[in-house]
Amino acid sequence: MSITVKDVQHVAKLARLQLSPEEEATFTEQMNAILQYAEKLNELDTENVEPTTHVLQVSNVMRDDVVKESLTQEEALLNAPEHEEGHFKVPAVLE
């Protein structure tokens with residue numbers, strides 16, 4: 001697989017970037033170099049390598065859930081710029 005200038009132009013358009021022809025050529029070369037490196041990694045024998053999700057052996061690092069006293073509804077709404085009938089009032093986002 002290789003990246004073409006047309007691919008770079010497409011990504012630039014999606015990212016709303018204006019690239020000069022020189023930048024397009026530079027990015028095309030750089031992206032192709034990245035892909036070539038990834039292809040080189042595909043040559044490694046990983047047959048006996050166990051899949052991992054983390055480089056270190058990590059067991060549950062989260063604390064246990066502990067029930068604590070929480071804010072009352074009035075306390076939660078205390079600093080709200082606007083509230084109505086016990087709820088936060090925010091500007092409408094849908095018409």
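Every chain is numbered independently, its residues counted from 1 as its sequence is written. Where totals are concerned, whole chains, interfaces and linings use all residues; where local detail is concerned, this predicted model gives features only for residues with pLDDT of at least 70, and gives and counts side-chain atom pairs only at 80 or more. Side-chain measures were taken over the full set of non-hydrogen atoms in the model, leaving aside hydrogen atoms and water.

S.K.: Can you walk me through the side chain of Asn32 in this structure?
M.R.: Working definition: helices are DSSP H or I runs of at least four residues, strands are E runs of at least two. Numbering for both runs from the N terminus. Considering the arrangement of structural elements, one finds Asn32 in helix H2 (residues 21-41). Burial status follows relative accessibility: with a 1.4 Å probe on protein chains alone, a residue under 20% of its type maximum counts as buried, one over 50% as exposed, and anything between as partly exposed. Among the residues examined, Asn32 registers a relative accessible area of 17% and is labelled buried.

S.K.: Whenever I open this one, a nonpolar patch on the surface confuses me. Can you help?
M.R.: Like-charged residues are merged into a patch within 9 Å and nonpolar side chains (Val, Leu, Ile, Met, Phe, Trp, Tyr) within 5 Å, provided each residue has over 30% relative accessible area and no salt bridge. Areas reported as accessible are Shrake-Rupley estimates using a 1.4 Å probe. Residue values count occlusion only from the protein chains shown. By definition, a salt bridge exists where a carboxyl oxygen of Asp or Glu is found within 4 Å of a side-chain nitrogen of Lys or Arg. Where nonpolar side chains cluster on the molecular surface, the patch consists of Val55, Leu56, Val58, Val61 and Met62 and spans about 590 Å² of accessible area. Tracing the sequence through the fold places Leu56 in the loop between H2 and helix H3 (73-77).

S.K.: Just checking my understanding: could you explain the packing of helix H1 (residues 5-14) against H2 for this structure?
M.R.: Axis angle and axis distance: for two packed helices, these are the angle between their axes and the distance between the axes, and together they describe the pair. Interaxial distance between H1 and H2 falls to 9 Å at its minimum, and their mutual angle equals 105°. Overall, the two elements H1 and H2 adopt an arrangement that is roughly perpendicular. Across the interface between the two elements, Val5, Val8 and Gln9 of H1 pack against Glu24, Phe27, Thr28 and Met31 of H2. By residue class, the composition of the contact of H1 with H2 is four nonpolar, two polar and one charged. Inter-axis angles, ranging from 0 to 180 degrees, are taken between N-to-C directions of lines fitted to C-alpha atoms, where helices are fitted over the stretch in contact. The scheme is simple: roughly parallel for angles under 35 degrees, roughly antiparallel for over 145, roughly perpendicular for 65 to 115, oblique for anything else. For this analysis, residues touch if any pair of their heavy atoms sits within 4.5 Å. Three classes are used: nonpolar for Ala, Val, Leu, Ile, Met, Phe, Trp, Tyr, Cys and Pro, charged for Asp, Glu, Lys and Arg, and polar for all others, with Gly counted as polar.

S.K.: Hey, could you run me through the side chain of Glu24 in this one?
M.R.: Residue position: Glu24 is located in helix H2. For the purpose of counting charges, residues Lys and Arg are taken to be positive, whereas Asp and Glu are taken to be negative. His and the chain ends are not included. Despite its burial, Glu24 pairs with no opposite charge, the nearest such side chain being Lys13 at 12 Å. With residues up to four places along the chain from it excluded, the contact list for Glu24 reads Val5, Val8, Gln9 and Leu19.

S.K.: Looking at this structure, I do not really get the environment of Leu71. What am I missing?
M.R.: With respect to the secondary-structure elements, Leu71 resides in the loop between H2 and H3. The sequence separation of Leu71 and Glu50 amounts to 21 residues, and the corresponding C-alpha distance is 46 Å.

S.K.: When you look at unusual backbone geometry in this model, what are you seeing that I'm missing?
M.R.: For residues besides glycine, phi is generally negative; the peptide bonds are generally trans as well. Residue Arg16 is not a glycine yet carries a positive backbone phi of 55°. For Arg16, the position within the fold is in the loop between H1 and H2. The exposed category is assigned to Arg16, whose relative accessible area is 73%. Positive phi, normally seen in glycine, also occurs at Glu85, with a value near 50°. Counting through the fold element by element, Glu85 comes out in the loop between strand S1 (83-84) and strand S2 (87-88).

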